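# Structure assessment
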Amino acid sequence: MSISENIKQFKEKLPEQVTLVAVSKTKPVEDLQEAYDAGQRIFGENKIQEMATKWEELPKDIQWHMIGHVQTNKVKYMAPFVSLIHAVDSIKLLKEIDKQAKKHDRVINCLIQLKIAKEDSKFGLAPQQLSALIEEKKALALNNVQIVGLMGMATFTDDEQQLQREFKILKEKYDAHQQSESWNVLSMGMSGDYPIAIAAGSTMVRVGSAIFGARNYH
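Structure report, in brief. (Residues numbered from 1 in each chain as written. Predicted model: local features only at pLDDT ≥ 70, side-chain atom pairs only at ≥ 80, totals over all residues. Heavy atoms only, no water.)

By definition, the strands of a sheet pair up through backbone hydrogen bonds, in either a parallel or an antiparallel sense. The 8 strands are arranged β1-β2-β3-β4-β5-β6-β7-β8 in a closed barrel whose pairing can be described as parallel. Neighbouring strand axes in the sheet, compared pairwise and without regard to direction, differ in orientation by 30 degrees on average. One ladder, built from 2 bridges, connects strand β1 (residues 19-23) with strand β2 (residues 42-45); its direction is parallel. The partner of A22 across the bridge, within β2, is F43. (Pairing = 2+ DSSP bridges. Helix = DSSP H or I, 4+ residues; strand = E, 2+ residues; numbered from the N terminus. Axes fitted to C-alpha atoms, helices over the stretch in contact; angles between N-to-C directions.)

Our focus in this paragraph is the packing of helix α1 (residues 3-13) against helix α2 (residues 29-37). Interaxial distance between α1 and α2 falls to 8 Å at its minimum, and their mutual angle equals 45 degrees. Judged by the angle between their axes, α1 and α2 are oblique. Pair α1 / α2 crosses with right-handed handedness. Residues I3, S4 and I7 of α1 form the contact with α2, whose participating residues are D31, E34 and A35. (Parallel < 35°, antiparallel > 145°, perpendicular 65-115°, else oblique. Left-handed = near helix turned anticlockwise from the far one by under 90°. Contact = heavy atoms within 4.5 Å.)

Right, let's talk about helix α7 (residues 160-181) for a bit. A rise of 1.5 Å per residue sets the reference length of α7, with its 22 residues, at 32 Å; its end C-alpha atoms lie 30 Å apart and thus fit the reference within 8%. If you look at α7, its biggest bend is around 30 degrees, right at D175. Within α7 the residues assigned to the buried category are Q162, L163, E166, F167, L170, Y174, H177 and E181. Check the buried side of α7 and you find it contacts β5 (108-114), α6 (130-139), β6 (145-152), β7 (185-190) and α8 (194-199). Two or three places before Q161, at the opening of α7, D159 has a side-chain oxygen 3.1 Å from that residue's backbone nitrogen. Following α7 by one or two positions, S182 has its phi on the positive side, about 55 degrees. (Expected span 1.5 Å × (residues − 1). Bend = angle between axes of the 7 residues up to and from the residue. Buried < 20%, exposed > 50% of the residue type's maximum accessible area, 1.4 Å probe, protein only. Polar contact = N/O pair within 3.5 Å; in protein donor to acceptor, adjacent residues only side chain to side chain.)

This paragraph deals with the nonpolar core. Among the nonpolar cores identified, the biggest contains 61 residues, and I85 and I112 are the most heavily contacted of them. Among the elements that take part in this core, helix α5 (residues 91-103) stands out by supplying 5 residues, more than any other. When near neighbours in sequence (up to four residues on either side) are disregarded, I112 contacts H86, V88, L94, L125, L130, L133, I147, G149, L150 and M151. In this structure, I42, L111, V148 and V185 belong to the second largest nonpolar core, which totals 9 residues. (Core = buried A, V, L, I, M, F, W, Y, C linked by side-chain atoms within 4.5 Å.)

As for its position among the elements, S209 is in helix α9 (residues 209-212). Residues S209 and I169 lie 40 residues apart in sequence; the distance between their C-alpha atoms is 26 Å.

This paragraph deals with the pairing of β1. Each regular strand displays side chains that alternate between the two surfaces of the sheet. Buried residues dominate β1, accounting for 4 of its 5 residues. As judged from the 4 bridges shared by β1 and strand β8 (residues 204-207), these two strands associate in the parallel manner. Bridging across to β8, T19 finds its partner in M204. Following the chain from β1 across α2 to the adjacent parallel β2, one finds a crossover that is right-handed. (Right-handed = clockwise from strand over helix to strand, strands pointing away.)

Written out as structure tokens, the structure reads:
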């Protein structure tokens, strides 16, 4: 299957309320252009420099999502153009995004990443710390950064019940704050587990290898 055929298939099978983020990290510009030509407009990258290079080369109506762990000293490189930052897990990072967004007269949308997986390698805020982070952001009047929802990564496992349990934690936290905070994005689910994530209430899935094939790590 070609990239364009994969995009077409996803467009057909995903429910209307679910947004597809094509995870294009490590992939060449030609692959992204093929996906773009097939109608895809949202791409996810996990390295800021790579995303900035692609942003310069590709059409300007693309929405760029930063899906990887973000170092505060790199925020300035994506502040002019990033559409959504998925993996915010500290007030320190929110403050830096706000500061850099202000320089470009922008409001940058963000998702708070909650740690729902059992693996130690996954980043994220402990679910019980979410309310405190929301309140601290309000107290600091960070007006150039907007929290629009939550993101989480489940454990890398074939155990469907474990995946369901982890996604349920995220969905419950989302539901608890969604109305009061006017949230509209629940980003959970990747190539291996997106059907389970959608069944659990995901509104945004991050799909890479199922669209572009295996990663080219050098």
